[in-house]
Every structure is written in C-alpha cells, then in structure tokens.
Amino acid sequence: MGLSSVLSSTLGFIKRHRIKIAIAVGGATCLYVYYSFRQKYLTITRALEEERESGATRLQDGFTASLKHAHELLRKMLPEVREVIFKLADSDSLVRELQATPVREHKKNLWERLKVVSFVRPIASVYAICVLELVLVTKFNLVGRYMSSEKSMSELPSGFLTKQTQHKFVELARVSLFGSSMDDLVRVIQQAVVEVVGPIQLDSRLTGADLVLAMINIRKKVESNSKAALREILVESCLSPAAKDSRPEELENLTTLLHEEADILDNDDAGTVLGEILDRAFESFEKLLLANVQDQVPIPKALPKISNLSITVLGSDSPVVSAVEAEAHVAQFGAVVYVSGASGG
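Now for a quick tour of the structure.

Basis of the calculations
- Residues numbered from 1 in each chain as written.
- Predicted model: local features only at pLDDT ≥ 70, side-chain atom pairs only at ≥ 80, totals over all residues.
- Heavy atoms only, no water.
- Helix = DSSP H or I, 4+ residues; strand = E, 2+ residues; numbered from the N terminus.
- Buried < 20%, exposed > 50% of the residue type's maximum accessible area, 1.4 Å probe, protein only.
- Contact = heavy atoms within 4.5 Å.
- Polar contact = N/O pair within 3.5 Å; in protein donor to acceptor, adjacent residues only side chain to side chain.
- 1 Å grid on protein atoms, 1.4 Å probe; cavity = no way out; pocket = protein on both sides within 12 Å on 5 of 7 lines; lining within 4 Å.
- Points joined across faces, edges and corners; volume = space filled by probe spheres on them.
- Nonpolar A, V, L, I, M, F, W, Y, C, P; charged D, E, K, R; others polar.
- Phe/Tyr/Trp six-rings, centres within 6.5 Å; stacked < 30°, edge-to-face > 60°.
- Core = buried A, V, L, I, M, F, W, Y, C linked by side-chain atoms within 4.5 Å.
- Axes fitted to C-alpha atoms, helices over the stretch in contact; angles between N-to-C directions.
- Parallel < 35°, antiparallel > 145°, perpendicular 65-115°, else oblique.
- Left-handed = near helix turned anticlockwise from the far one by under 90°.
- Arc of directions from axis to C-beta.
- Expected span 1.5 Å × (residues − 1).
- Salt bridge = Lys/Arg side-chain N within 4 Å of Asp/Glu carboxyl O.

Across its full length, the protein chain holds 14 helices and 2 strands. Counting over 345 residues, the protein chain shows a buried share of 43%. When contacts within the protein chain are restricted to residue pairs at least 6 apart in sequence, long-range pairs at least 24 apart make up 86% of them.

So, about the side chain of Arg219. Of note, Arg219 is situated in helix H8 (residues 208-225). At 3.4 Å, the side chain of Arg219 and the backbone oxygen of Gly275 are in polar contact. Beyond its immediate chain neighbours, meaning those up to four positions away, Arg219 contacts Tyr127, Gly275, Leu278, Asp279 and Phe282.

Before going further, it helps to spend a moment on the layout of surface pockets. Its volume calculated, the largest pocket comes out at about 340 Å³. If you trace the largest pocket, you find it lined by Ser66, His69, Leu73, Phe140, Val143, Gly144, Met147, Lys163, Gln166, His167, Val170 and Glu171. Take the lining of the largest pocket: its biggest share by element is 5 residues, from helix H6 (residues 163-177).

A few words on empty space enclosed by the protein. Following the criterion strictly, the structure yields 1 cavity of 30 Å³ or more and no others. One number sums up the size of the largest cavity: a volume of about 60 Å³. Considering the residues around the largest cavity, the lining is formed by Val81, Ala128, Val131, Leu132, Leu177, Phe178, Ser181, Met182, Leu185 and Ile233. Residue assignment for the lining of the largest cavity shows that the elements contributing at least two residues are helix H4 (104-148) and helix H7 (180-197). Counted by class, the lining of the largest cavity contains 9 nonpolar, 1 polar and no charged residues.

Attention now moves to the packing of aromatic side chains. By convention here, two paired aromatic rings are described through the distance between centres and the angle between planes. Across all of its chains, the model carries 2 aromatic pairs by this definition. Measuring from centroid to centroid gives 6.2 Å for Phe282 and Phe285, while their planes differ by 90 degrees, and the two rings are edge-to-face. Linking Phe282 with Phe285, this pair stays in helix H11 (residues 268-292), spanning 3 residues, or about one helical turn. For the pair formed by Phe282 and Phe285, the shared burial category is buried.

The next thing to look at is the nonpolar core. If you look at the biggest cluster of nonpolar residues, it comprises 96 residues, and the most contacted ones within it are Phe119, Tyr127, Leu134, Leu136, Ile189, Val193 and Ile218. For this core, the leading source of residues is H4, giving 23 residues.

Turning our attention to the packing of H4 against H7. The interhelical angle for the contact between H4 and H7, taken along N-to-C directions, is 130 degrees, at an axis separation of 9 Å. Overall, the two elements H4 and H7 adopt an arrangement that is oblique. Like other packed secondary-structure pairs, H4 and H7 cross with a definite hand, here right-handed. Each of Lys115, Val116, Phe119, Val120, Ile123, Ala124, Tyr127 and Ala128 in H4 lies in contact with H7, whose residues at this interface are Met182, Leu185, Val186, Ile189, Gln190, Val193, Val194 and Val197. Split by residue class, the contact of H4 with H7 holds 14 nonpolar, 1 polar and 1 charged.

Along helix H3 (residues 91-100), the residues that are buried comprise Ser91, Leu94 and Leu98. Across the axial projection of H3, the buried residues extend over an arc of 55 degrees, all falling on one side. Residues of H3 that are exposed and point more than 90 degrees away from the buried face comprise Arg96, Gln99 and Ala100.

Turning our eyes to something else, we now look at the environment of Leu265. Summarising the element assignment, Leu265 is placed in helix H10 (residues 248-265). Residue classification places Leu265 among the buried residues on the basis of a relative accessible area of 0%. With 127 residues separating them in the primary sequence, Leu265 and Thr138 have C-alpha atoms 8.0 Å apart.

Let us now look at the environment of Val212. Mapping Val212 onto the fold places it in helix H8. Taking relative accessible area as the criterion, Val212 reaches 11% and is therefore assigned buried. Between the C-alpha atoms of Val212 and Glu286, which are 74 residues apart in sequence, the distance is 6.0 Å.

What follows concerns helix H14 (residues 328-339). When the terminal C-alpha atoms of H14 are compared, their 16 Å separation across 12 residues agrees well with the 16 Å that a helix rising 1.5 Å per residue should span. Listed as buried for H14 are Val330, Phe333, Gly334, Val337 and Tyr338. Down the axis of H14, the smallest arc covering the buried residues is 135 degrees, so these residues share one side.

All right, on to the pattern of salt bridges then. Under the definition given, this model contains 13 salt bridges. Between Arg280 and Glu327 there is a salt bridge whose closest N-O contact spans 3.1 Å. Taken together, the residues Arg280 in helix H11 and Glu327 in the loop between helix H13 (319-325) and H14 connect sequence positions 47 residues apart. Exposure remark for Glu327: the relative accessible area of 5% places this residue in the buried category.

Structural data, given as structure tokens:
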C-alpha cells in the first residue's frame, strides 16, 4: 500500500470519526488542565499548611523559651530573696538577744517576738516566690511577644527592644521586689501572723497538723483582709523607676513596657493565677511542715524548725519552687501574654 493510500485512509477515518476524536482530545485536554491546576492547588495548600505549622511551632518554641528563662532567673534570684527576707524577718538576732538576756520578763517579750518572726519568715518566702514567678513569667513573655511579632515590631520606633532595654526591663524586678514591695509583703504577712499566732501561749504543745491549720488561717487573713494589698504589690513591681543610667529614649521605651506589664498584672485574671500558684506552693510547704514537726512539741522547740523551713523553701532544690514551676495556670497565663498581639508574625 502506497503512501497516498495510507494518507487517504487516515483522512477518511478522521472524517468519519471527527466528533469522537474531538471529544477525546477535548477530554484529554480538560484532564490535563484539571490535573495541572490540582497539582498547583495541592502545592499552594501544602505550602500554606507548612507555613501555619511553622508559625505555630515558632510561637510554641518562643513561649517555651520565655518560660524557661523566667524559671532560670527565679532560681538564680533565690539567694537574694533569702537575704532580703532574713533581714526583714530577723529571727537570728532575736535568738542571740534571748541568749544574752537574763531578765525573765524581757525574755518573755523576746519569745513573743520570736514566735511571730519564726512564722513570718517561711510564709513570706512562699509568697515572695509566687509573686516573683508571676512577675518574671509576665516580663519574659511580654518581651517574647514583641520579638515574635513582625507586625508589632514594625509599628514600634527603631531600637525599641534592644538587648540592653530587655535586660533592664527584666532586672527591674530586683529593684522593686527587693525594695518597698517586699517591705509591704512582709508587713501584710506579719499582721496576719500576729492575729493568728499571737494568742497561742508559749507553753502550748502543737502538732504538725496544728501548725498547718495555723498556716491556713494566716493565709486566709492575708488574702481576705489584704487582697488589694497583694494586687498593689504586683502592680507596684512594674512601676519602679527605671535605671538612672537610661538614655531618654530608652527610659521612654522602658516606661512603655512597664505600663503594659502593669495593665496585664492589674486585672482579675492575674489575681486568679496568683491564687492558683499560691495553692500549689502552700500544698508543698505544708508537706514540708508535716515532715519536720510530727509529734506534739512545745512552741519554743517548734519555732526553730518552722523558721528554718525558709532555708529549704529558698534553697536550690526547693520543692516549693518546683511546685510553682509545674503549675499549669501560670504557663497558660504566660502563653496568653505571649500570643496576644503575636499573631501578626
């Protein structure tokens, strides 16, 4: 068969089946176009999903790092907390004075003062840890929020969050909490201790359960009579003067951060979270108390054990600090601080 015959036969086939061929070609073209668009759609969807997952991972990583830094600094600050509280609730000097005083009536007065201070010291240690935990978690997550949000950073003046500004913002916790805020905290606790422990006679014999009940009543008085004072202590920790060596623009930036921190802490959510932290801390503290005072003991013998609990509470392996760090509500609070306004990144 010649070439002309093949061509003629092919053309005849095409003419006879042109509609079917057109449909087949059109269908194949549609399938190709659909497949191409489908692949592009899947590629774009996959890229968007990966971007969302990456953004969520960045937020999670950033929040986790902020929480870790807050807990690390809290533990580093424990020796300073101990120094301040031991100075404000100085049972050691009262013990020395007792040993050097021969007059019976004067001794009785010293014992009464020692009774109060011995309770104040460990309770103030627990409260200080809880307040410091909430303040540091707020500070680190507020800084983390700005660092993770491109939108927030683009709206801020140049140099708003330099490393030096971040460092000073966090370090201001020392200036405030180890100054007038700590004085106020110890004063509030001492007033509650006097009301609860003051009437207990020095010749009384108490068990660990009796002491736990006293601690519970002291806490109730602190947080019912002085709830506003605790909130003021939190907010006051944000309003201390910035470092004297701050440049004018840095001082303005620090003030902006401190006011935002004050707004975060001066609300019912922060108060609720502080209550949850205190619950965990006092649960741990009560276990320590029961482990150290089991049988009935006279008050004079119990006081050194009670006072010395502050050494454990503020120690490097403090079970109270571990309990506070593990409290889920403070992590959730920190996450809200971190994510609020960070979604623009």
